[in-house]
Amino acid sequence: MAVYGVELNRRNLLKGAGASAVGVGLAAVLASCSGSSGGGATGTGTGTFGSNASDPVPKKAYAALVSAYEKQSKNKITVNTSDHNSFQNKITNYLQGSPDDAFTWFAGYRMRYYAKKGLVGDISDVWDKIGDNYTSALKKASTGDDGKQYFVPNYNYPWGFFYRKSVWAEKGYEVPETFDALVTVAKKMQADGIIPIAFADKDGWPADGTFDYLNMRINGYQFHVDLCAHREGWDSSKVQDVFDTWKELLPYQDPSAAGLTWQEAAQKLGDKQAGMYLLGSFVTQQFTDPAALADIDFFPFPAVKVEGRDAVEAPIDGLMLSKKGASNQAAKDLLAFLGTGKGQEAYYAVDKSNIMTAKDADTSGYSAFTKKLGGVISDAKYISQFFDRDALPAMASNVLNPALLDFIKSGSIDLKNIESQAKTLYAQQ
Amino acid sequence: MTDQLSFPAARAPRSPVPRRRLRQLSRRDKVVLGLMIGIPTLIQAVLVWIPTLASFLLSFMKWDGLSLTSFQWNGLTNYNFALNQSPQFWPAVLHNVVWLLFLAVVGTPLGLLLAVLLDGKIRGSRVYQSIFFMPVMLSVALIGIIWQLMYSQDNGLINNVLGTAGTSRAVDWFGDSSVNLWAALIAATWRHAGYIMILYLAGLKGVDPSIKEAASLDGANGRQTFFQIVFPAMAATNVIIVVITIIESLRAFDIVYVINRGTNGLELISVLVVQYLVGETQVIGIGSAFAIVLLVISLVPIVFYLSRTFRTKE
């Protein structure tokens, strides 16, 4: 792996010679402004990068990205890594205090919210350079309410059903294309003494995946977006429809979901106690045994109503600039570098659990499984970000998540109450 | 008595002296006194009164927490949300009441019992004291992990001892909302009892042994001696213990937050405050309204108890 990384960097250095000349020139200007550096052609720009990648693999992957960038540009980037969850929780204070120039973040409501509040840097000029390298769906996901871009996608990962090929082949289960077929295969599994659908909701958010997919398959992607923005009401027959459909699926989802974390549920799939598991592709991180990992396959959420399967839930992670970082060319160039295949390959060389987003990224190293995941995303007409990224955070965590947990346990949901809470919460923004 | 009778007479000639002294306070004395009163007052104001007042004002406003120009009056909307719309509020109140009753009926008496037992001359008393006090010194995250090892559905000690682990009969102690409050209360009691034990041990040491001797000379048995002589003699400790028990149960937060962030049957008012005030899910007006509701609820028993205590003392 290390050898590969070095080769990659050397290649970058050669290929990107032209671009880096520009980078060095700009860096020299910056350096002479700050007066801290030797100046001249060897001068370097500096920037800081706040990373939420506290897990070992993503941490190493971001380090690889930064060092690839440093080699190419001669700029110096200091990485400050914080714990993933606390980074997320303190983001408002972080952005108002003394943030790093660049930082890791997500597409969706939270990105647009901070853009609207003027706490992050406009990078439309970066997009002028890298725009052709992304699909329009990804560009849209990086754009704020004002039509400017604030975000550069690094990778995303699709949500769908994961299962063990060997179990399905042995018992003769068929991959369901429709909701009815899904219920049929789940029924068979139950008769065979297997938990049909592994499920975990101790952390509150995993149930959003089932809700989002049923909602998008029944009411369409646009309804999902409008519901997340509360342009559509919760007490409508359309939302009721989602829960009525879910009720048909509920008997086949693991009844002990309320006390399980997603890792424990993944274990049930790995141990062949459960037949399939609806989760993001990060579920594969849980299968450390290579044989088990090779046995995992994927199918997209089946079609429910007229909408077919044109929407996929594939949350996007990437980088943004803070307000202060917007004037730092070294940080800006880091984002531009991430928008190239070379940048994303540097990251992917270390963390292979996700799908690269740049069009010119070299995907020849993808396994058949990864190709399948990537294909689902590139074939999709619409990419959603997951309810807790697309909607107001308080709405997701404090209102919908507990309501879904109640629904899982009792089979009933009070949509009028959810609507009344949504009205109050969205009016505060 | 004679002293008291002669007092007014003696007072008259003396009174000018302290008065003159008061006037004679030098500039330096005034500065020192001013600092000694001013600094604690300032700390009190900055840490207690100003935040309380700010929370009170914010609970009637909407504010995004970002710019200082975006305050807007919001009337009683936040309170309407907290008390009527939020489905978690009333369960949270109920859970806080259960928490208080459980600590008052089980946790605190258990701590008292431990203190009385360990105050006697038993071998290894110090060792037991350390063992029972240890949970108080552990961080809550660690307590969460320890009890996770006990309660875990498939790998936990309890279900393995019961022989139900891995079967469908295994109780999910933290995940099943009909039992997890009690599971959390046992973990909380484990910690609370050690705390109370240490306070009562100190209290028991402060009781004059001669009154115990006098009681036994008068023919009182152990139980009578404790309940009628020793326990009332610890009045000062008892006030502290009652207040601590109430405060501990109203601010109960950490254990449920470690278990499952205070959801799924473990809702508490403090959790609602945190949910709406901390992190990305922040809605400052609503969080402040929850905080004020918690403040008012906390004031009722504390004011009632303290005013009663001070009245009887006077």
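Along each chain, residue indices are assigned from 1 in the same order as the chain's sequence is written. Each chain takes a letter, starting from A, and each ligand takes a number, starting from 1, following the order in which they are written. Reporting of local features is limited, given that this is a predicted model, to residues whose pLDDT is at least 70; pairs of side-chain atoms are given and counted only at 80 or more, and all residues count toward the totals for whole chains, interfaces and linings.

Q: Any details on helix H5 (residues 89-119) of chain B? Residues and values, ideally.
A: Elements are defined by DSSP. Helices are runs of H or I of four residues or more, strands are runs of E of two residues or more, and each kind is numbered from the N terminus. To estimate how far a helix should extend, the number of its residues minus one is multiplied by 1.5 Å. Across its 31 residues, H5 of chain B extends 42 Å between first and last C-alpha, which sits within 8% of the 45 Å expected from 1.5 Å per residue. In this scheme, the bend at a residue equals the angle between the axes fitted to the seven residues that finish there and the seven that begin there. The largest bend along H5 of chain B measures about 40° and falls at Leu-103 of chain B.

Q: How would you summarise the interface of chain A and chain B if you had to cite specific residues and measurements?
A: Contact criterion: two residues are in contact if their C-beta atoms, reconstructed from the backbone, are within 7 Å. Counting residues at the interface gives 27 residues for chain A, matched by 28 residues for chain B. Counting only elements with at least two residues in the side of chain A that touches chain B, the list comes to helix H4 (84-89), helix H5 (91-96), helix H20 (393-410) and helix H21 (415-427) of chain A. Note that Gly is not counted as nonpolar here; it falls among the polar residues with everything else outside the nonpolar set of Ala, Val, Leu, Ile, Met, Phe, Trp, Tyr, Cys and Pro and the charged set of Asp, Glu, Lys and Arg. Across the side of chain A that touches chain B, the residue classes tally to eight nonpolar, 15 polar and four charged.

Q: A description of helix H16 (residues 329-338) of chain A should follow, citing residues and the corresponding values.
A: Think of it as a crowd count around each C-beta: if 20 or more other C-beta atoms lie within 10 Å the residue is buried, if 12 or fewer it is exposed, and in between it is partly exposed, with C-beta placed from the backbone throughout. Buried residues dominate H16 of chain A, accounting for nine of its ten residues. Along H16 of chain A, the positions that sit buried rather than exposed are Ala-330, Ala-331, Lys-332, Asp-333, Leu-334, Leu-335, Ala-336, Phe-337 and Leu-338 of chain A.

Q: Describe the pairing of strand S4 (residues 152-156) of chain A, with residues and values.
A: Two faces belong to every sheet, and in a regular strand the side chains alternate between them. Residues and elements named next belong to chain A. In terms of burial, S4 is a largely internal element, five of the five residues being buried. DSSP calls a pair of strands paired once it identifies at least 2 bridges connecting them. Direction of pairing for S4 relative to strand S10 (residues 316-321): antiparallel, over a ladder of four bridges. Within S10, the residue paired with Asn-156 across the bridge is Ile-316. Sheet topology places S4 next to strand S11 (residues 355-356); two bridges connect them, and they run antiparallel. Paired with Tyr-155 across the two strands is Met-356, which belongs to S11.

Q: Help me get a handle on the nonpolar core, residues and values and all.
A: As used throughout, a nonpolar core is a set of buried Ala, Val, Leu, Ile, Met, Phe, Trp, Tyr and Cys residues joined through C-beta atoms within 7 Å of each other. Counting residues in hydrophobic clusters, the biggest one holds 181 residues, and the most contacted among them are Leu-65, Phe-162, Tyr-277, Leu-334 and Leu-335 of chain A together with Phe-290 of chain B. By residue number, the principal contributor to this core is helix H9 (residues 180-206) of chain B, which donates 13 residues. Look past the residues within four positions of Tyr-277 of chain A in its chain and what remains in contact with it is Phe-161, Phe-162, Ile-197, Ala-198, Ala-265, Ala-266, Leu-269 and Val-283 of chain A.

Q: Give me the lowdown on the sheet that holds strand S7 (residues 274-280) of chain A, citing residues and values where you can.
A: Residues and elements named next belong to chain A. With mixed pairing, four strands are arranged side by side in an open sheet as S6-S7-S5-S8. Taken across any chain shown, the strands that pair with only one partner, and hence form the sheet edges, are strand S6 (195-198) and strand S8 (296-299). Looking at each pair of strands side by side, their axes are set apart by 25° on average, direction ignored. In terms of strand pairing, strand S5 (residues 159-164) meets S7 through five bridges, oriented antiparallel. Its bridge partner being in S7, Phe-161 is matched across the sheet by Leu-278. In this description, a line fitted to the C-alpha atoms serves as the axis of each element, helices being fitted only across the stretch in contact, and the angle between N-to-C directions of two axes falls anywhere from 0 to 180 degrees. Those strands touched by helix H14 (residues 262-270) are S5, S6 and S7, and its axis lies near 145° from that of S7.

Q: Which residues make up the domain arrangement of chain B, and what values do they have?
A: When the domains of chain B are assigned, the result is domain 1 (25-50) and domain 2 (86-140 + 180-313). One C-alpha centre belongs to domain 1 of chain B, the other to domain 2 of chain B; they are set 33 Å apart. Where a domain begins and ends is set by an automatic assignment or by a domain database.

Q: Can you break down the sheet that holds S4 of chain A residue by residue, with the values?
A: By definition, the strands of a sheet pair up through backbone hydrogen bonds, in either a parallel or an antiparallel sense. Residue and element names in this part refer to chain A. On the basis of which strands lie adjacent, the open sheet formed by six strands has the order S2-S1-S3-S10-S4-S11 and mixed pairing. Each end of this open sheet is capped by a strand with a single partner; those strands are strand S2 (76-81) and S11. Contacting strand S1 (46-51) and S2, helix H3 (residues 56-73) crosses the sheet at an angle of about 165° to S2.

Q: A description of the packing of H3 of chain A against helix H17 (residues 341-348) of chain A should follow, citing residues and the corresponding values.
A: All names here are of chain A. Viewed as axis vectors pointing N to C, H3 and H17 meet at an angle of 145°, and their least axial separation amounts to 7 Å. Note that H3 runs across H17; the crossing there is right-handed. On H17, the residues touching Ala-61, Tyr-62, Ala-64, Leu-65, Ala-68 and Tyr-69 of H3 are Gly-343, Ala-346 and Tyr-347. Each residue belonging to the contact of H3 with H17 can be placed in one class, and the counts come to eight nonpolar, one polar and no charged. Here a crossing is called left-handed whenever its near helix is offset anticlockwise from the far helix by less than a right angle, and right-handed whenever the offset is clockwise.

Q: Tell me what's going on with the environment of Met-189 of chain A, and back it up with residues and numbers.
A: Residues and elements named next belong to chain A. Along the chain, the position of Met-189 falls in helix H10 (residues 179-191). For the pair formed by Met-189 and Tyr-173, sequence separation is 16 residues and the distance between their alpha carbons is 8.4 Å. Not counting residues up to four positions away in its chain, the partners in contact with Met-189 are Ile-194, Pro-196 and Gly-275.

Q: Give a detailed account of the domain arrangement of chain A, specifying residues and quantitative values.
A: One widely used convention gives an interface's size as the accessible area the parts lose upon coming together. All names here are of chain A. Considered domain by domain, chain A is made up of domain 1 (2-155 + 316-370) and domain 2 (159-313 + 392-427). Taken together, the contact between domain 1 and domain 2 spans four residues of the former and nine residues of the latter. Looking at the side of domain 1 that touches domain 2 residue by residue, the classes come out as two nonpolar, one polar and one charged.

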